[in-house]
Amino acid sequence: MTVSRIRICYRQRIAKNASSTLLARMYRIWYTAEVSGKPKSPADSENQRKRVPAVFYRTEAGGEPVREWLKGLSEDDRKRIGEDIKTVEFGWPIGMPVCKPLRDGVYEVRTSLAQNRIARVLFYIDKKGRMILLHGFIKKTQKTPPEDLDLARHNKSKHQAGLK
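In this text the structure is predicted, and so the values were computed from the model without any measurement.

Draft legend 1. Focus on the overall build of the protein chain. Secondary structure summary: the protein chain contains six helices and five strands in total. The secondary structure elements of the protein chain, listed N-terminal to C-terminal, are α-α-α-β-α-α-β-β-β-β-α. A buried classification covers 30% of the 164 residues belonging to the protein chain. Partitioning the contacts of the protein chain with sequence separation of at least 6, the portion at a separation of at least 24 is 49%. Roughly 10,800 Å² of accessible area belongs to the protein chain as shown, and the carbon and sulfur atoms make up 52% of that amount.

Here it is, written out as structure tokens:
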């Protein structure tokens, strides 16, 4: 049905029945959402541009380790890490220097912080196309510590088992 046909039907219906406020409301909702090109809500428009939306891994007890780790950092550190995560969300697939593949489908978001510190957030892309944030830490050695990588892989396998 074309826009002009809908407008004609709308006008005829209004002329026939003055109490058709429901139809008038429905027409306004449809017209605003579909014809004007305006987004339905700010959240919808932001998620449509994201290639891989970030989701915090949640434990069986309901905790979110990466979110809790971020809350323990300074505001400036959180902001820098958040900007790099956002860069991956909107630019996936993306490579160095922001993102680096590790192994077993686990990637790291690489962030340089103040005072020569380096933060890493380990994640994977699940079968729904989401960026699951598995583990975060401040790097103290040149290589990614094996225990941090093992923890991320363990969280990944738990998350994948919960999706089935």
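Draft legend 2. Summary view of the environment of Lys-139. With respect to the helices, strands and loops of the structure, Lys-139 is situated in strand β5 (residues 131-139). Exposure remark for Lys-139: the relative accessible area of 13% places this residue in the buried category. Setting aside chain neighbours within four positions, we find Lys-139 in contact with Ile-118, Arg-120 and Thr-144. A polar atom in the side chain of Lys-139 sits 2.9 Å from the backbone oxygen of Gln-142.

Draft legend 3. Region of interest: the packing of aromatic side chains. The full count for this structure, using the stated rule, is three aromatic pairs. Considering the side-chain rings of Trp-92 and Phe-123, the 5.9 Å spacing of their centres and the 75° angle between planes classify their relative orientation as edge-to-face. One end of the pair, Trp-92, is in the loop between α5 (75-91) and β2 (99-101); the other, Phe-123, is in strand β4 (residues 117-125), with 31 residues separating them in the sequence. Like Phe-123, Trp-92 is buried. With 5.5 Å between their ring centres and 20° between their planes, Tyr-107 and Phe-123 make a pair best called stacked. Highlighted residues: Tyr-107 in strand β3 (residues 107-113) and Phe-123 in strand β4, separated in sequence by 16 residues. When its relative accessible area of 24% is taken as the criterion, Tyr-107 is described as partly exposed. Here a set of aromatic residues connected by ring pairs shows up, and it is made of Trp-92, Tyr-107 and Phe-123.

Draft legend 4. Spatial organisation of the pattern of salt bridges. Under the criterion given, the structure shown has ten salt bridges. For Asp-104, the salt bridge goes to Arg-153, with nearest N and O atoms at 2.7 Å. Residue Asp-104 is found in the loop between β2 and β3, and its partner Arg-153 is found in helix α6 (residues 146-163); the two are separated by 49 residues along the sequence. Assessed through its relative accessible area of 25%, Arg-153 is described here as partly exposed. We note a salt bridge from Arg-120 to Glu-108, for which the minimum N-O separation is 3.4 Å. Of this pair, Arg-120 sits in strand β4 while Glu-108 sits in strand β3, and the two are twelve residues apart along the sequence. Neither Arg-120 nor Glu-108 differs from the other in exposure class; each is buried. Counted as one network, the salt bridges with shared partners bring together Arg-58, Glu-64 and Arg-67.

Draft legend 5. How the structure looks around the sheet that holds β3. Taken together, five strands build an open sheet; the order of strands is β1-β5-β4-β3-β2 and the sheet is mixed. Of all the strands in the sheet, just β1 (54-56) and β2 have a single pairing partner and so form its edges. Across the sheet, the mean angle from the axis of one strand to that of its neighbour is 35°, orientation sign disregarded. Relative to β4, β3 runs antiparallel, the two being bridged by seven bridges. Residue pairing in the sheet places Arg-110 in a bridge with Arg-120 of β4. α5 contacts β1, β2, β3, β4 and β5 of the sheet and is inclined by roughly 140° relative to β3.

So, how was this worked out
Throughout this description, residue numbers start from 1 for each chain and increase along the sequence as written. Totals for whole chains, interfaces and linings use every residue, but because this is a predicted model, local features are given only for residues with pLDDT of at least 70 and side-chain atom pairs only at 80 or more, for both listing and counting. For side-chain calculations, the full set of non-hydrogen atoms in the structure is used, while hydrogens and water are omitted. In this text, helices come from DSSP runs of H or I with a minimum length of four residues, and strands from runs of E with a minimum of two, each type numbered from the N-terminal end. Throughout this description, buried means an accessible area under 20% of the type-specific maximum (1.4 Å probe, protein chains only), exposed means over 50%, and partly exposed covers the range between. Any two residues whose heavy atoms approach within 4.5 Å at even a single point are treated as in contact. Each accessible area value is a Shrake-Rupley result obtained with a 1.4 Å probe; residue values ignore everything except the protein chains displayed when judging cover. Two N or O atoms count as a polar contact when they lie within 3.5 Å, although within protein this holds only if one can serve as hydrogen donor and the other as acceptor, and sequence-adjacent residues are included solely when both atoms are side-chain atoms. Note on ring pairs: Phe, Tyr and Trp rings are taken, using the six-membered ring of Trp, and paired if centres are within 6.5 Å. Classes follow the plane angle, with under 30 degrees stacked, over 60 edge-to-face and the rest tilted. The salt bridge criterion pairs a side-chain nitrogen of Lys or Arg with a carboxyl oxygen of Asp or Glu, the two atoms within 4 Å. Each pair of strands is called paired provided DSSP finds at least two bridges between the two strands. Note on geometry: axes are C-alpha line fits, over the in-contact stretch for helices, and angles between N-to-C directions span 0 to 180 degrees.

These figures come from the coordinates and say nothing about function on their own.
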